[in-house]
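Next come the chains, spelled out residue by residue.
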Amino acid sequence: MELNPSVLEILKKRGIETEEEITEFLSDKPQKTYDPFLLHDMEAGVDLILSTIENEGRICIYGDYDTDGVTSVALLRDVLKELGAKVSYYIPSRFDEGYGLNNSALDKIKEAGTDLVVTVDCGCTSVNEVEHAKEIGLDILITDHHSIRNEIPDCLIIDPQHPDCRYPFKFLAGVGVAFKLAQALVETAGLSKTILTRNLDLVGIGTIGDIVPLIDENRTLAKYGLRALNITERIGLKALIEKTGLKPGEINSRRVSFVIVPHINAAGRMDDATLAARLMQTKESEKAEEMAEKLLECNTRRRSTQEELVEKSEEILRDEWIREPDRKFIFIKLEEAHEGVIGIVAGRLKERYKLPSIIVTSIEDGYYKGTGRSPDGINLFKLLDGHSDLFVRFGGHAAACGFTIEEKKIPELIDVLKKETEALYNQNEEVFKQKAVAEVHVGADDVSFDFVRQQEKLEPFGKNNPRPLVEVNLISANPSRMGQEGQYLRVDGKLENQQNIRCLDFKNADNTESKIKEYYSDTNNTSPLKVIGYIESQEWNGREYIQMNIEDIYY
């Protein structure tokens, strides 16, 4: 295929330049993957699992309540069952137990007769909990992908972020690490690789859902995962796909991110994550239908609760801005807010204001649970990790964190946020002024279905490989309102070659409309309007047309 010059420029800006790199990046069968035994403690971890199975010991997989954790649990349980293991799983309650290992859960797991606990997507900071596990006679193997802090649990740890790990790629999702463990187990035990290929649908969902960089090995896993997902025979996934209105063969990274993942996450946010884990594993169609329907109900409740909290947060924020208009962060205290959605609300505020955003809510007398989200360029985990003495529990990564804190320490936390964000602003104020920046200017003749098709070859999109943000010139622009409350903007425009194009703004309708009207109020303007956004194709009544979703507009 002869690539459009704009597509080649996008690839170049993403570090894909040589013919070999471009071929690998665009290939339907990418080869970028690494030997699982390069992961620290992999060989010892495999030996521990296989010896436990050989001695007829019981294994419990301990997961997390998000999509990454749920898919990891389902994948590893399937592989361990093939190895003949006596295997169970445990996913803690977001509300009663919180993230990661906890001693009470470990006690229950031990009382159930478990000999070995294998964590997925959690555990790398659980120093005290690992000591407790050992004291009560549990062997423990941690598989995780999160950042490891100064103190490291005293047990086997398979985590590409481990300081002693020499694995070539550091950014696997939790399900990616679980998959590498599965590869090592299958290879060592001499099992058929079909055990691995039948679980690639889970690997794709978990990798895309955890917002890890979709480059290098993650791109390989996501590509094969999407292919597997589109032809999946997994009864639970087929039921969920059907009920959410998706069509096999048309599922891409956006549909995973915005349809499948929210429904899986909704179980842990609004109910019990084991519901989603059971859906991933069920062999019975009737049960799959029932559980998929429950996930839809959970997600509907999640959306409703989320919108209420966003509205309430915006009200609080307006007062905060009046008192401190120059604050470089958002901190909102919501009493008795639903813990399952405050992370999404923090994410919405982060997206809208491009500032690190933290929401805390009361969980018991004198204690609050907090969750934070941060825009690119601001490492929220690093920013707060130096003050971990403030927290009862604390964890996360560059873009997100979670913690439990005593109420009396909240003022000190706010002071820390002020100090740290001010210092960061003084070092580099540009990270607080993030604007839409196009990767490439696309000429009028290149705004075509061919460009859209070639752009789709860059899939799967996600972190470090986003949908291409491009710029086009409009020589005319006629704005009109749309949506039930006129909250969106439609701009019918013409390109320089007189081609019609429809542009839609779902984020900043007021601002975009005022810019267009201001521009045309000056009749001497002859330069085109420059629109930055995403070009895609749409279909209506059997007719396909080009559409642009607006991120910014200027002249």
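Note on numbering: residues in each chain are counted from 1, in written sequence order. Per-residue local features are limited, in this predicted model, to residues with pLDDT of at least 70; the limit for side-chain atom pairs, both in listing and counting, is 80 or more; totals at the level of whole chains, interfaces and linings are taken over all residues. Only heavy atoms go into the side-chain values, all of them from the structure, while hydrogens and water stay out.

So, the overall build of the chain
In terms of helices and strands, the chain carries 19 helices and 17 strands. Based on C-alpha atoms, the radius of gyration is set beside the globule rule, defined as 2.2 Å times the residue count to the power 0.38. Taken over C-alpha atoms, the radius of gyration comes to 25 Å for the chain, in line with the 24 Å a tight globule of 555 residues would show. Principal axes of the C-alpha set define a box for the chain whose edges measure 85 × 60 × 45 Å. Per-residue burial for the chain yields a buried fraction of 53% across its 555 residues. By sequence separation, contacts in the chain at least 24 residues apart represent 66% of the contacts at least 6 residues apart. With an accessible surface of roughly 25600 Å², the chain has 46% of that area assigned to carbon and sulfur atoms. Helix and strand assignments follow DSSP, with helices taken as H or I runs no shorter than four residues and strands as E runs no shorter than two, numbered in order from the N terminus. Only protein chains enter the accessibility calculation, which uses a 1.4 Å probe. A residue is then buried if its area is under 20% of the maximum for its type, exposed if over 50%, and partly exposed in between. Only heavy atoms enter the contact rule, under which two residues are in contact if any of them lie within 4.5 Å. Here the accessible surface of atoms and residues is derived via Shrake-Rupley with a 1.4 Å probe, and residues count as covered only by protein chains that are part of the display.

Quick look at the state of the cysteines
For this text, the term disulfide refers to a pair of cysteine sulfurs within 2.5 Å. All told, the structure shown has zero disulfides when counted by the stated rule. Free of any disulfide, Cys 124 has its nearest neighbouring cysteine sulfur in Cys 122, separated by 8.8 Å. Distance from the sulfur of Cys 155, which forms no disulfide, to the nearest cysteine sulfur (Cys 124) is 10 Å. Note on Cys 155: relative accessible area 19%, which makes it buried.

As for the sheet that holds strand β1 (residues 58-62)
A strand pair is defined by DSSP finding two or more bridges across the two strands. Ordered in space as β2-β1-β3-β4-β5, the five strands form an open sheet in which the pairing is parallel. Pairing within the sheet leaves two strands with one partner each, and these edge strands are β2 (86-90) and β5 (156-158). In this sheet, adjacent strand axes meet at a mean angle of 20 degrees when their direction is disregarded. Sheet topology places strand β3 (residues 116-120) next to strand β4 (residues 139-143); five bridges connect them, and they run parallel. Its bridge partner being in β4, Val 117 is matched across the sheet by Ile 140. Here, axes are lines fitted to C-alpha atoms. For helices the fit covers the stretch in contact, and angles between N-to-C directions go from 0 to 180 degrees.

Points about a negative patch on the surface
Every patch collects residues that have over 30% relative accessible area and no salt bridge, joining them within 9 Å if they carry like charges and within 5 Å if they are nonpolar side chains (Val, Leu, Ile, Met, Phe, Trp, Tyr). Any Lys or Arg side-chain nitrogen found within 4 Å of a carboxyl oxygen on Asp or Glu counts as a salt bridge. Positive charges are assigned to Lys and Arg, negative charges to Asp and Glu, while His and the chain termini are left out of the count. A charged residue contributes its charge at one atom only: NZ of Lys, CZ of Arg, CG of Asp or CD of Glu. Together, Glu 308, Glu 311, Glu 315 and Asp 319 make up a negatively charged patch on the protein surface. Within the fold, Glu 315 resides in helix α14 (residues 285-323).

Structural notes on helix α11 (residues 235-243)
For α11, the set of buried residues is Gly 236, Leu 237, Ala 239, Leu 240 and Ile 241. Taken together, the buried residues of α11 touch α9 (200-209), α10 (216-230), α12 (253-270), α13 (274-281) and α14. Of the residues flanking the end of α11, it is Gly 245, one or two places downstream, whose phi is positive at about 85 degrees.

So, the pairing of strand β13 (residues 476-482)
Note that β13 and strand β14 (residues 488-494) share seven bridges and pair antiparallel. Looking across to β14, one finds that Pro 479 is bridged to Val 491.

A short note on unusual backbone geometry
Cis geometry is adopted by the peptide bond preceding Pro 460, which originates at Glu 459 and carries an omega value of 0 degrees. Position of Pro 460 among the secondary structure elements: in the loop between α18 (449-456) and β12 (470-474). The backbone phi angle of Glu 56 is positive, close to 60 degrees, even though this residue is not glycine. By the secondary structure assignment, Glu 56 is in the loop between α3 (42-54) and β1. Here Lys 354, not a glycine, exhibits a phi torsion of approximately 55 degrees, which is positive. Mapping Lys 354 onto the fold places it in the loop between α15 (342-353) and β7 (357-364). Owing to a relative accessible area of 30%, Lys 354 belongs among the partly exposed residues under this scheme.

Describing the packing of helix α4 (residues 67-82) against α9
At their nearest, the axes of α4 and α9 sit 8 Å apart, and the two run at 160 degrees to each other. One element, α4, and the other, α9, form an angle in the roughly antiparallel class. The element α4 and its partner α9 pack so that their crossing is left-handed. On the side of α4, the interface is formed by Thr 67, Asp 68, Thr 71, Ala 74 and Leu 75, while α9 contributes Leu 202, Val 203, Ile 205 and Gly 206. These descriptions rest on fixed angle ranges, namely under 35 degrees for roughly parallel, over 145 for roughly antiparallel, 65 to 115 for roughly perpendicular, and the rest for oblique. Crossings are sorted by hand: turned counterclockwise from the far helix by less than a right angle, the near helix makes the crossing left-handed, and turned clockwise it makes it right-handed.

Re the environment of Glu 111
The topology assignment puts Glu 111 in helix α5 (residues 103-111). Residues Glu 111 and Ile 136, 25 residues apart in the sequence, show an inter-C-alpha distance of 9.7 Å.

Focus: the side chain of Ser 313
Inspection of the secondary structure assignment puts Ser 313 in helix α14. Polar contacts here mean pairs of N or O atoms no more than 3.5 Å apart (in protein, one a potential hydrogen donor and the other a potential acceptor; neighbouring residues in sequence count only if both atoms are side-chain atoms). In terms of polar contacts, Ser 313 uses its side chain to reach the backbone carbonyl oxygen of Leu 309, at 2.8 Å. If near-sequence neighbours (up to four positions away) are discounted, Ser 313 is found in contact with Ile 332, Leu 334, Val 345, Leu 349 and Ile 359.

Observations regarding helix α2 (residues 19-26)
Along α2, the residues classified as buried are Ile 22, Phe 25 and Leu 26. Buried residues of α2, viewed axially, fall in a sector of 85 degrees; they line one side. Where α2 is buried, its residues touch α1 (5-13) and α10. What the arc measures is the spread of directions leading from the helix axis to the C-beta atoms.

Here's the deal with the pattern of salt bridges
For the coordinates displayed, the defined rule picks out 28 salt bridges. For the salt bridge of Lys 328 with Glu 422, the shortest nitrogen-to-oxygen distance reads 3.7 Å. Here Glu 422 lies in helix α17 (residues 410-427) and Lys 328 lies in the loop between α14 and β6 (330-334), a separation of 94 residues in the sequence. Judged by relative accessible area, Glu 422 falls into the partly exposed class, the value being 33%. We note a salt bridge from Lys 408 to Glu 406, for which the minimum N-O separation is 3.8 Å. Of the residues examined, Lys 408 reaches a relative accessible area of 66% and is grouped as exposed. You can call Glu 406 partly exposed: its relative accessible area is 23%. When salt bridges with common partners are traced through the structure, they connect Arg 481, Asp 510, Glu 513 and Lys 517 into a single cluster.

Looking at the pairing of β7
The element β7 is extensively covered by neighbouring structure, given that six of its eight residues are classed as buried. Where β6 meets β7, five bridges bridge the pair, whose relative direction is parallel. Looking across to β7, one finds that Leu 334 is bridged to Thr 361. Seen with the strands pointing away from the viewer, any crossover whose path from the first strand over the helix to the second strand runs clockwise is right-handed. The parallel pair β6 and β7, bridged by α15, forms a crossover whose chirality is right-handed. Here β7 runs beside strand β8 (residues 367-373); their pairing, made up of seven bridges, is antiparallel. Within the sheet, the bridge partner assigned to Glu 364 lies in β8 and is Tyr 367.

Looking at the side chain of Glu 129
Structurally, Glu 129 is set in helix α6 (residues 127-135). One buried charge, Glu 129, has no salt-bridge partner; the nearest side chain with opposite charge is Arg 393, at 4.6 Å.

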